[in-house]
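Residue-level structural notes
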Amino acid sequence: MNLSTLAPRPGAKHRVKRLGCGESSGHGKTSGKGHKGQKSRAGTNVRHGFEGGQMPIYRRLPKKGFNNIDFAIRYAVINVSTLNERFEDGAEVNEAALRALKLVKGAHDGVKILGNGELKKKLTVNVNKVSASAREKIEKAGGEVVDPAPVAK
């Protein structure tokens, strides 16, 4: 195989529609844009959802209901396997330490440790939430979980 034998897969390349090449081409005269109207003109720009000046559907329908997403608490999630890889034996795991190692980035309301993987190091974990399986693995490895106050938004 060499570069001169490479070709696109069958059906990946299409012939370009050649517009304005006479009436018998099927794309002559109006070039597939129909007769008159806003979209047949040059420089047309109709925004998404525009209904020609009619009151659009997203404004005709009433805004109903409640969405709890604004009040949801967003946790940065870390697995115990990651703690095992990135922390030394006897280290304290808190949000500041996780941010220093770039395991937590961006805006979060708290940190939660999940129990995926194995933990063989003795760690002191001081985060907002710890799953039951993660707590069991941390304590089995000789570490401890410090329970801080829960996150309030």
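The notes below deal with the structure included here. (Residues numbered from 1 in each chain as written. Predicted model: local features only at pLDDT ≥ 70, side-chain atom pairs only at ≥ 80, totals over all residues. Heavy atoms only, no water.)

With that settled, the discussion passes to the nonpolar core. Counting 20 residues, the largest nonpolar core has L83, L98 and I113 as the members making the most contacts within it. Elements that contribute at least two residues to this core include exactly β1 (75–79), α2 (80–86), α3 (95–100), β3 (110–114) and α4 (132–140). Ignoring sequence-local partners within four residues, the contact set of L83 consists of I78, V93, L98, I113, L119 and L123. (Core = buried A, V, L, I, M, F, W, Y, C linked by side-chain atoms within 4.5 Å. Buried < 20%, exposed > 50% of the residue type's maximum accessible area, 1.4 Å probe, protein only. Helix = DSSP H or I, 4+ residues; strand = E, 2+ residues; numbered from the N terminus. Contact = heavy atoms within 4.5 Å.)

Attention now goes to the sheet that holds strand β2 (residues 92–93). The strand order across the open sheet built from 3 strands is β2-β4-β6, with neighbouring strands paired in parallel fashion. The sheet is open, and its two borders are formed by β2 and β6 (144–145), each paired with just one other strand. (Pairing = 2+ DSSP bridges.)

Turning next to the side chain of N84. For N84, the location among the structural elements is in helix α2. On the basis of relative accessibility, which here comes to 18%, the residue N84 falls in the buried class. Discounting chain neighbours no more than four positions away, the residues touching N84 are E118, L119, K120 and K121.

Turning our eyes to something else, we now look at unusual backbone geometry. Only a minority of non-glycine residues have a phi that is not negative, and only a minority of peptide bonds are not trans. A positive phi angle, near 50 degrees, is found at K29, a position not held by glycine. For K29, the location among the structural elements is in the segment before α1 (57–60).

What follows concerns the pattern of salt bridges. Going through the model one piece at a time under the given rule, you end up with 4 salt bridges. Between R60 and E51 there is a salt bridge; the shortest N-O distance is 3.0 Å. For K120, the salt bridge is made with E118, and the minimal N-O distance between the two is 3.9 Å. Neither K120 nor E118 differs from the other in exposure class; each is exposed. (Salt bridge = Lys/Arg side-chain N within 4 Å of Asp/Glu carboxyl O.)

On the surface, M1, L3 and L6 cluster together into a nonpolar patch covering about 460 Å² of accessible area. In this structure, L6 sits in the segment before α1. (Patch = residues over 30% accessible without salt bridge, like charges linked within 9 Å, V, L, I, M, F, W, Y side chains within 5 Å. Areas by Shrake-Rupley, 256 points an atom, 1.4 Å probe, with all protein chains shown as cover.)

The strand order across the open sheet formed by 3 strands is β1-β3-β5, and the pairing between neighbours is parallel. Looking at strand neighbours, the two that pair on one side only are β1 and β5 (129–130), the edges of this open sheet. Strand direction decides the pairing type here: β1 and β3, joined by 5 bridges, are parallel. In the sheet register, Y75 faces β3, and the bridge partner there is G110.

Keep in mind these numbers describe shape, not what the thing actually does.
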